[in-house]
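A closer look at the structure
The chain contents come next:
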Amino acid sequence: MTTSEELPVLGTESPVIACLSAQMRAIQAGGAIRRVRTPVGDEGWLVTRHAELKQLLLDERVGKSHPDPANMPKYLDSPLISMTVSSDHETARKNHARMRKLLTPHFSAKRMAALRPKIAERANAAMDQILEQGPPADLHAQLSVPVSFQVLCDLLGITEHDTFMSLLTAPTTVGASDTDPAKFPLFTFLAELSAHKRAHPGPDLTTTLTQAGITDPEVASLVAVTAFSYLVTPHNISVGIALFASNPGQREMVIKDPSLLASAVEEVVRMGKTTESFLPRYASEDIEIADVSIKSGELVMCDHYSSGFDDRVFENPDKFDVTRSPNPHPAFSHGNWYCVGAPLARVEMIEIYSALLTQLPDFQLQIPISELRINNDQLGGGVAELPATW
Ligand code: HEM
């Protein structure tokens, strides 16, 4: 029996790219669901295997509610996480379903087809600038970041790019227990954007939400959930660029047959996370699963990334294989939690890699993928730079 002092402590290892850290490998090898200690010292369950992760993501007894939010065990001490946890399970479930119903239509195949030409234009314009400047270039700062940010602003109808960027990436100064959204400058900015769109409608997601019979603060929280995708997307795109650079054979296959871009993107997403961060959930009832007993109120952390390296499901999981099929990676989550914006993320990645591999097919990274600098912040970290030459 493991005593609580011996529990593996999360957040103590340096981040690694496109593979599992030694700690995560050991945790996954030891069992599907393991008792761990979080970076803030609380105890919880970490789910690192594919089958059990999917099972728990489909289990309605696991969600974003806790009967006593002020004293719940925490993964991180962040108001951005605490504010997503409500005290009533049924209310949390209903609010989540409503949020998905309002957002999902914005990412339909028809909408994506309409957005695709503009995304391709943005990606090619960024590549034109890189080529005009000449080598070397930072493909993270000059390609992944500006294109994914511009695409997000286009989607939301935001023209004040500098203000939005600084609010989105600024560390929060609000205390961990203060979960009043009105205290967050980003939230105030988005509520004002909503009011503006009511008076001056545009062809964007924010305007459509203002026409759904909801208040400006409600629009602001839905737009904020969407906007936070920016903390993930450019980093995933950059890991993909690094994977193409360090796997020339796979890159060559995609250049010769661009129809492989779709499966290459799935493989990038499977391997693409850069920070050790988990999505905290709470059990609303006792649950027996995989030889463990999760008690009501306990913290359950879903590790979508490690589950994508589970060799019970993925053959040779450390290999970047642009033809991997099937590729049932859980990196966009599963069931009712499935990433609403996944269709947009896919279009963005396909258009960015297409522009890069067409205009600069023989780019090289100046440092190996294993030595890339990573900002180690579980909430907003990721690739710091991607120095490349050609
Ligand atoms: C490669 C890029 C992306 C990855 C890996 C990713 C991954 C995820 C994951 C794992 C979740 C589940 C969160 C949870 O269970 O609490 C999620 C949710 C979500 N994502 Fe993404 N995402 C990406 C890009 C995007 C983009 C571009 C957008 C929209 C602009 C977006 C919008 C959303 C929204 C609105 C949710 C909330 C869904 C819910 O709570 O039901 N994501 N994403």
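What counts, and where the lines are drawn
Here the residue index of a chain counts from 1 through its sequence in written order. Note on the predicted model: pLDDT of at least 70 is required for a residue's local features to be given, and 80 or more for side-chain atom pairs to be given and counted; whole-chain, interface and lining totals, by contrast, use all residues. Side-chain measures here rest on the full set of heavy atoms in the structure, leaving out hydrogens and waters. Think of it this way: any DSSP run of H or I at least four residues long counts as a helix, any run of E at least two long counts as a strand, and we number them from the N terminus. In this scheme, a helix's expected span is set at 1.5 Å multiplied by one less than its residue total. Burial classes follow relative accessibility: with a 1.4 Å probe on protein chains only, a residue under 20% of its type's maximum area counts as buried, one over 50% as exposed, and anything between as partly exposed. The reported arc concerns the directions from the helix axis to the C-beta atoms and nothing else. Whether two residues touch is decided by their heavy atoms; if any such pair falls within 4.5 Å, the residues are in contact. Near residues are defined by distance, with any heavy atom within 4 Å of the molecule or strand qualifying the residue. Polar contact is the term for a pair of N or O atoms within 3.5 Å; when the atoms are in protein, one must be able to donate a hydrogen and the other to accept it, and sequence-neighboring residues count only if both atoms are side-chain atoms. As a working rule, the residues Ala, Val, Leu, Ile, Met, Phe, Trp, Tyr, Cys and Pro are called nonpolar, Asp, Glu, Lys and Arg charged, and the rest polar, with Gly in that last group. Atoms of type N, O and S within 2.8 Å of a metal are treated as its donors, and for Na, K and Ca the window is 3.2 Å; water is not considered, so some sites may appear to be missing partners. Note on definitions: the grid is 1 Å and covers protein atoms alone; a cavity is a set of points where a 1.4 Å probe fits but cannot get out; a pocket is an open set with protein on both sides within 12 Å along at least five of seven lines; lining residues have an atom within 4 Å of a point. Grid points are joined across faces, edges and corners, and a volume is the space filled by probe spheres set on the points. A pair of strands counts as paired when DSSP detects no fewer than two bridges linking them. What counts as a ring pair is set by centres within 6.5 Å for rings of Phe, Tyr and Trp (its six-membered ring), and what kind of pair is set by the plane angle: stacked under 30 degrees, edge-to-face over 60, tilted for all other angles. Our definition puts a charge over a ring when NZ of Lys or CZ of Arg is within 6 Å of the ring centre and also within 35 degrees of the ring normal.

Before going further, it helps to spend a moment on helix α4 (residues 89–103). In a regular helix each residue adds 1.5 Å, so 15 residues correspond to 21 Å; α4 covers 21 Å between its end C-alpha atoms and thus fits that length. For α4, every residue scored as buried is listed here: Ala-92, His-96, Met-99, Arg-100, Leu-102 and Leu-103. For α4, the angular spread of buried residues about the axis comes to 165 degrees, placing them on one side. In this structure, α4 carries Lys-94 and Lys-101 as exposed residues pointing more than 90 degrees from its buried face. Tucked inside the fold, the buried residues of α4 contact α9 (205–210) and α10 (216–227).

This brings us to the site of the ligand. In the neighbourhood of the ligand, 25 residues make up the surrounding shell, with His-96, Arg-100, Arg-281, Ala-331 and Cys-339 lying closest. For the ligand, an oxygen atom lies 2.6 Å from a polar atom in the side chain of His-96. Measuring from an oxygen atom of the ligand, one finds a side-chain N or O atom of Arg-100 at 2.5 Å. At the level of elements, α4, α10, α11 (233–246), β5 (279–283) and α15 (342–359) are the ones that each hand at least two residues to the shell around the ligand. Tallying contributions element by element places α4 first for the shell around the ligand, with 4 residues. Considered class by class, the residues forming the shell around the ligand number 14 nonpolar, 8 polar and 3 charged.

Let's shift gears to the coordination of the iron atom of the ligand. If you check the protein contacts of the iron atom of the ligand, you find one donor only, Cys-339 (SG), at 2.3 Å. Note on placement: Cys-339 falls in the loop between α14 (304–307) and α15.

A few words now on empty space enclosed by the protein. Counted under the stated rule, the structure contains 3 cavities of 30 Å³ or more. One number sums up the size of the largest cavity: a volume of about 200 Å³. Along the wall of the largest cavity there are 18 residues; nearest its centre are Ser-21, Met-24, Thr-275, Glu-276 and Tyr-305. Tallied by class, residues from the lining of the largest cavity come to 7 nonpolar, 7 polar and 4 charged.

One ladder, built from 5 bridges, connects strand β1 (residues 33–37) with strand β2 (residues 43–47); its direction is antiparallel. Residue pairing in the sheet places Arg-35 in a bridge with Trp-45 of β2.

Take His-329: it is sitting in the loop between α14 and α15. Among the polar contacts listed, one links the side chain of His-329 to the side chain of Glu-266, at a separation of 2.7 Å.

Right, let's get into the packing of aromatic side chains. Inspection of the entire model under this criterion finds 8 aromatic pairs. Here a set of aromatic residues connected by ring pairs shows up, and it is made of Phe-149, Phe-164, Phe-189 and Tyr-230. One cation-aromatic arrangement involves Arg-281 over Trp-337; the distance from NZ or CZ to the ring centre is 3.8 Å.

A word on the pairing of β2. Most of β2 sits out of view: 4 of its 5 residues are buried. Adjacent in sequence and paired antiparallel, β1 and β2 are bridged by 5 residues, among which Gly-41 carries a positive phi angle near 95 degrees. Sheet topology note: the β2/strand β8 (residues 299–302) ladder contains 3 bridges and is parallel. Counted as the bridge partner of Leu-46 is Met-301 from β8.

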